[in-house]
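Listed below are the residues making up each chain.
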Amino acid sequence: MTENDYTSNTTLADIAAIMIGANSFVITTHGKPDGDALGAVLSLGRALEAIGKTVERWIIPPLPHALRGIVDEGVKLHFHGDEHAPMPTIEPDRVIVVDTGAWSQLDALRSWIEPRREKTIVIDHHLHGDDVGAKLFVDTSAAAVCEVIARLIDELGVEIDRVIAQTLFVGVASDTGWFRFSNTTAATHDLAARLMRAGADHAAIYRVTEQGERPEKLELMKRALQSLQLVAGGSAAVMTLTYEDFQQVGALPEDTERFVDLPQAVAGIETVVLISEPRKGATRMSFRSKPSATAINVNELAQRFGGGGHARAAGAKMDGPIDQVRQAVIEALEAASR
Ligand SMILES: [Mn+2]
């Protein structure tokens, strides 16, 4: 699918009708789920169970440590790590993929999803994706896919109870950086208010999701800041975490979450890239840029490295020595700022 084809071919009302007519579902999302991805899996899963459906929730690890705290007791998550791990054993009527439509983010389950394309429904808010499912609903104006899931739950006629409210709130808060990022809209706040009225406890969610990390994360953060290089005349910051850094502090791949936000505290820094190698030879990049008239579109930048995302937040993966990747990133930043 070319990037221009990544547009809706169905409506939320149609998706709701399909869901009401089906009995069993596998819901999944991108690997290393963030709050939005996990919040969407959990809230939609609960809404479908509320109307008597059978649901399996499949997670491609790693699941960030702090996010485990938002999974309600009694909710079972199935994990798929690598090609040797089990695949879903039920043959569901429908496969639901949320918060991504990109095979690169669904690697571990691709061989299971691909033959089920006809019964797969993708619900997303990203700019780009592949031909993962026969049905696609994508709303790029939504700050979080959980905004879209809230509308879908309304279409299903399911009441937003406290648990659904909590998990939707996690998604909305997570993808907007707690309502700070430029993707936040009045509609985002309207939904957040509605979720609070339904019982979402924002202070408790903040404590669990943003203040529940392991000490190893702080050690890795120190190394990330120590590695910081200013490039493109000081307008861009590049941080690098090597495989050895992860090994020496005992950090996990998911411990880098939010590091890329840190240098943005400085006025002159417009763009930040975090390059990390949590597994030997597998380098990944996170790109952020602040909204401004001259802002670099990091979606375009990430695409040069085979990735993508949003204009202000994007990511990419690359095989190869981390030093070479860093050099290529710095050259791209220098070129983009000229
Ligand atoms: Mn999202």
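Residues numbered from 1 in each chain as written. Predicted model: local features only at pLDDT ≥ 70, side-chain atom pairs only at ≥ 80, totals over all residues. Heavy atoms only, no water.

### Considerations on the overall build of the chain
Put simply, the rule is: By definition, any uninterrupted DSSP run of H or I lasting at least four residues is a helix, any uninterrupted run of E lasting at least two residues is a strand, and each is numbered from the N terminus. Atoms counted for the radius of gyration: C-alpha only. Globule rule: 2.2 Å times the number of residues to the power 0.38. Buried, partly exposed and exposed residues are distinguished by accessible area as a fraction of the type maximum, computed with a 1.4 Å probe on protein chains only: under 20%, between the cut-offs, and over 50%, respectively. Computed with the Shrake-Rupley method and a 1.4 Å probe, the accessible areas treat only the protein chains shown as cover for residues. In this tally Asp and Glu are treated as negative and Lys and Arg as positive; neither His nor the chain ends contributes. Taken as the charge centre is NZ of Lys, CZ of Arg, CG of Asp or CD of Glu, depending on the residue.
If you tally the helices and strands in the chain, you get 11 helices and 12 strands. Over its C-alpha atoms the chain spans a radius of gyration of 20 Å, differing by no more than 12% from the 20 Å that the globule rule assigns to 338 residues. Expressed as lengths along the three principal axes of its C-alpha atoms, the size of the chain is roughly 55 × 40 × 40 Å. The 338 residues of the chain split such that 51% are buried. Surface accessibility of the chain: about 14700 Å² in total, with carbon and sulfur atoms responsible for 49%. Positive and negative charge centroids in the chain, built from 33 and 46 side chains respectively, lie 2 Å apart.

### A short note on the pairing of strand 9 (residues 271-279)
The condition that has to hold: Being paired, for any two strands, means DSSP has found at least two bridges between them.
Among the nine residues in strand 9, eight count as buried, and that is most of the element. As judged from the six bridges shared by strand 8 (residues 236-241) and strand 9, these two strands associate in the parallel manner. When the sheet's bridge partners are listed, A237 is paired in strand 9 with V272. Direction of pairing for strand 9 relative to strand 10 (residues 282-289): antiparallel, over a ladder of seven bridges. Considered in strand 10, the bridge of T271 is made with S289. Hairpin connection, strand 9 to strand 10: the antiparallel pair is bridged by two residues, and G281 has positive phi, about 85 degrees.

### A word on the packing of helix 4 (residues 145-156) against helix 5 (residues 162-175)
Between two packed helices, both the angle of their axes relative to each other and the distance between the axes serve to describe the pair. To keep things clear, this is the line we draw: Axis definition: a line fitted to C-alpha atoms, limited for helices to the stretch in contact. Angles are taken between N-to-C directions and run from 0 to 180 degrees. Relative orientations are named as follows: roughly parallel for angles under 35 degrees, roughly antiparallel for angles over 145 degrees, roughly perpendicular for angles from 65 to 115 degrees, and oblique for any other angle. The contact criterion used throughout is that any non-hydrogen atoms of two residues lie within 4.5 Å. Following the grouping adopted for this structure description, the nonpolar residues are Ala, Val, Leu, Ile, Met, Phe, Trp, Tyr, Cys and Pro, the charged ones are Asp, Glu, Lys and Arg, and the polar ones are all others, Gly among them.
Viewed as axis vectors pointing N to C, helix 4 and helix 5 meet at an angle of 150 degrees, and their least axial separation amounts to 8 Å. Comparing the axis directions of helix 4 and helix 5 gives the class roughly antiparallel. Note on element contacts: helix 5 touches helix 4 through I164, T167, L168, G171 and V172, opposite C146, E147, I149, A150 and I153. Considering only residue class, the contact of helix 4 with helix 5 consists of seven nonpolar, two polar and one charged.

### Section: the pairing of strand 12 (residues 313-319)
Summarising the sheet, strand 10 and strand 12 pair through seven bridges and their orientation is antiparallel. Each residue of the ladder has a partner; that of R284, found in strand 12, is K317. Here strand 11 (residues 308-309) pairs with strand 12 via two bridges, running antiparallel. Within strand 12, the residue paired with G308 across the bridge is G315. In this antiparallel pair of consecutive strands, strand 11 and strand 12, the connection spans three residues.

### Focus: unusual backbone geometry
Backbone torsion omega between P61 and P62 reads 0 degrees, so that peptide bond is classified as cis. Here P62 shows up in the loop between strand 2 (54-59) and strand 3 (77-79). The phi angle at D99 is positive, at roughly 65 degrees, despite the residue not being glycine. Position of D99 relative to the elements: it lies in the loop between strand 4 (94-98) and helix 3 (107-113). Look at D99 and you get buried, because its relative accessible area is 1%. Phi at A232 takes a positive value of approximately 50 degrees, unusual for a residue other than glycine.

### A word on the sheet that holds strand 4
Reading across from one edge, 3-2-1-4-5-6 is the order of the six strands in this open sheet, with parallel pairing throughout. One side of each edge strand has no neighbouring strand; the edge strands of this open sheet are strand 3 and strand 6 (135-138). For this sheet, the mean angle separating the axes of adjacent strands, direction not counted, is 20 degrees. Contacts from helix 2 (residues 35-50) reach strand 1 (24-29), strand 2, strand 3 and strand 4, with the element oriented near 170 degrees to strand 2.

### What to know about the coordination of the manganese ion
Here is the rule we go by: Donor atoms: N, O and S within 2.8 Å of the metal, or within 3.2 Å for Na, K and Ca. Because water is excluded, sites can look incomplete.
The manganese ion binds to the protein through D36 (OD), D99 (OD), H125 (NE2) and D175 (OD); the donor distances cover 2.1 to 2.3 Å. Spacing between the donor residues of the manganese ion along their common chain follows D-x62-D-x25-H-x49-D. In this pair, D36 sits in helix 2 while D175 sits in helix 5, placing the two residues 139 residues apart along the sequence. Accessibility assignment for this pair places D36 and D175 in one class, buried.

### Here we look at the nonpolar core
The condition is simple: For our purposes a nonpolar core is just a set of buried Ala, Val, Leu, Ile, Met, Phe, Trp, Tyr and Cys residues, chained together by side-chain atoms within 4.5 Å.
Within the largest apolar cluster, 52 residues are counted, with the highest numbers of intra-cluster contacts made by M19, L38, L44, I96, I123, L152 and L168. Of the residues forming this core, the biggest block, eight residues, is contributed by helix 4. Beyond its immediate chain neighbours, meaning those up to four positions away, I123 contacts I15, M19, I96, V97, V98, D99, T100, F137, V145, V148, I149 and L152. Among the nonpolar cores identified, the runner-up in size contains 21 residues, and V273, I296, L301 and I330 belong to it.

### Digging into the pattern of salt bridges
Stated precisely, the cut-off is as follows: Should a side-chain nitrogen of Lys or Arg be within 4 Å of a carboxyl oxygen of Asp or Glu, the pair is scored as a salt bridge.
Applying the stated criterion across every chain yields a total of 19 salt bridges. R117 is the partner of E118 in a salt bridge, and the nearest nitrogen-oxygen pair spans 2.8 Å. One salt bridge connects R214 with E216, and the closest N-O pair in it is separated by 3.6 Å. Looking at E216, the relative accessible area reads 25%, which means it is partly exposed. Each of the salt bridges in this network shares a partner with another, and the network as a whole consists of E91, R116 and K119.

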